[in-house]
Amino acid sequence: MPIKILFCGAGRQAVTIFHTLLQYSQQADDLSLCGIITQPDKQAGRGQQLTACPCKAFFYTCRTDIPCFQPESLREMADKILATTQPDLIVVIDYGQIISPAVLAYPKFKCLNIHHSLLPVLRGATPIPMAILQGLKQALQVVPDALLVGCQQRAETSAPSGRLVAPADLLT
């Protein structure tokens, strides 16, 4: 039985991870994407046109039957989304909303939060360029659940030019 992943992401950084998970799930039997949670469409630009976030825009180009959720507040819709998707693992990157402890505790394999900076060293809008400029050998970190609810802990990291780990490898 495949591991069901619920993906939470909105920005450009999330697109790459979502695309990789989608490709892997289409080629492998051990993983399936059961849903995507992304930010609601927002008015943007001079004409204040309703615009999808980068992750949703990419999602719709994929023409997949994975359900897409865009809650104004994840806290209010979490029970419905979890009941619909029943994830074994939640992957979060560049999502933009606080994820409650109840959501973090739901999946069998918990929640994997991928953060594009070494917290608290590289806070700000440009963590990867700053890591390169500072000559750091690490820039990306996988953050434990506790950090999502405010606890600072040392996290597992990978090099800026490192390979993307296969989703199944993250569970071992």
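Residues numbered from 1 in each chain as written. Predicted model: local features only at pLDDT ≥ 70, side-chain atom pairs only at ≥ 80, totals over all residues. Heavy atoms only, no water.

J.: Please clarify how the overall build of the chain should be interpreted in this entry.
T.: When you go through the chain residue by residue, the secondary structure sums to six helices and nine strands. A burial count over the chain gives 40% of its 172 residues as buried. Sequence separation of at least 24 residues holds for 59% of the intrachain contacts in the chain that already meet a minimum separation of 6. With an accessible surface of roughly 9,900 Å², the chain has 53% of that area assigned to carbon and sulfur atoms. (Helix = DSSP H or I, 4+ residues; strand = E, 2+ residues; numbered from the N terminus. Buried < 20%, exposed > 50% of the residue type's maximum accessible area, 1.4 Å probe, protein only. Contact = heavy atoms within 4.5 Å. Areas by Shrake-Rupley, 256 points an atom, 1.4 Å probe, with all protein chains shown as cover.)

J.: Quick question: what am I supposed to make of the nonpolar core here?
T.: In summary, soluble globular proteins display a tendency toward joint burial of nonpolar side chains. Ranked by size, the top nonpolar core spans 23 residues in total, and within it Ile5, Phe7, Phe18, Leu33, Cys55 and Val91 carry the most contacts. Elements with a contribution of two residues or more to this core: strand E1 (3–9), helix H1 (12–27), strand E2 (31–37), helix H2 (54–61), strand E6 (89–93) and strand E7 (111–115). The element best represented in this core is H1, accounting for six residues. In contact with valine 91, not counting residues within four places along its chain, are Ile5, Leu6, Phe7, Cys8, Ile17, Leu21, Leu112 and Ile114. (Core = buried A, V, L, I, M, F, W, Y, C linked by side-chain atoms within 4.5 Å.)

J.: Help me understand the side chain of aspartate 88 in this model?
T.: Within the secondary structure layout, aspartate 88 lies in the loop between helix H3 (74–85) and E6. Buried within the structure, aspartate 88 lacks any salt-bridge partner; its nearest side chain of opposite charge belongs to lysine 108, at an N-O separation of 5.7 Å. Among residues more than four places away in sequence, those in contact with aspartate 88 are Pro2, Ile3, Lys4, Pro107, Lys108, Phe109 and Lys110. (Lys, Arg positive; Asp, Glu negative; His and termini not counted. Salt bridge = Lys/Arg side-chain N within 4 Å of Asp/Glu carboxyl O.)

J.: Please explain H1 as it appears in this structure.
T.: Each turn of an α-helix holds 3.6 residues, which means side chains three or four residues apart point in the same direction. Taking 1.5 Å per residue as the helical rise, H1 with its 16 residues ought to reach 22 Å, and the 24 Å between its terminal C-alpha atoms agrees with that figure. Residues Ala14, Val15, Ile17, Phe18, Leu21, Leu22 and Ser25 constitute the buried set of H1. (Expected span 1.5 Å × (residues − 1).)

J.: Quick question: what am I supposed to make of the side chain of glutamine 39 here?
T.: Within the secondary structure layout, glutamine 39 lies in the loop between E2 and strand E3 (42–44). By relative accessible area, glutamine 39 is classed as buried at 11%. A distance of 3.4 Å separates the side chain of glutamine 39 from the side chain of lysine 42, its partner in a polar contact. A distance of 2.7 Å separates a polar atom in the side chain of glutamine 39 from the backbone oxygen of tyrosine 95. Setting aside residues up to four positions removed in sequence, glutamine 39 forms contacts with Ala10, Cys53, Gln70, Tyr95, Gly96 and Gln97. (Polar contact = N/O pair within 3.5 Å; in protein donor to acceptor, adjacent residues only side chain to side chain.)

J.: Looking at this model, I keep getting lost on H3. Mind explaining?
T.: With twelve residues, H3 extends just 14 Å between its outermost C-alpha atoms, more than 12% less than the 16 Å of an ideal straight helix rising 1.5 Å per residue. Taken as a whole, H3 has its buried residues at Leu74, Ala78, Ile81, Leu82 and Thr85. Along the axis of H3, the buried positions cluster into a sector of 100°, meaning they face one direction only. In H3, the exposed residues that point more than 90 degrees away from the buried face are Glu76, Asp79, Lys80 and Ala83. Those residues of H3 that are buried are in contact with E1, E2, strand E5 (68–69), E6 and helix H4 (101–105). In the segment just after H3, glutamine 86 is the residue with positive phi, at about 45°. (Arc of directions from axis to C-beta.)

J.: Just checking my understanding: could you explain the packing of aromatic side chains for this structure?
T.: In this description, a pair of aromatic rings is defined by centroid distance and the angle of the planes. Applying the stated criterion to the full structure yields four aromatic pairs. Relative to phenylalanine 18, the ring of phenylalanine 7 has its centre 5.3 Å away and its plane inclined at 50°; by these criteria the two rings are tilted. One end of the pair, phenylalanine 7, is in strand E1; the other, phenylalanine 18, is in helix H1, with eleven residues separating them in the sequence. For the pair phenylalanine 7 and phenylalanine 18, one class covers both residues: buried. Ring plane angle 80° and centroid distance 5.2 Å describe the contact between phenylalanine 59 and tyrosine 60, whose orientation is recorded as edge-to-face. When its relative accessible area of 3% is taken as the criterion, phenylalanine 59 is described as buried. Using a relative accessible area of 47% as the deciding quantity, one classes tyrosine 60 as partly exposed. Ring-pair connections join several aromatic residues into one group, and the members of that group are Phe7, Phe18, Phe58, Phe59 and Tyr60. (Phe/Tyr/Trp six-rings, centres within 6.5 Å; stacked < 30°, edge-to-face > 60°.)

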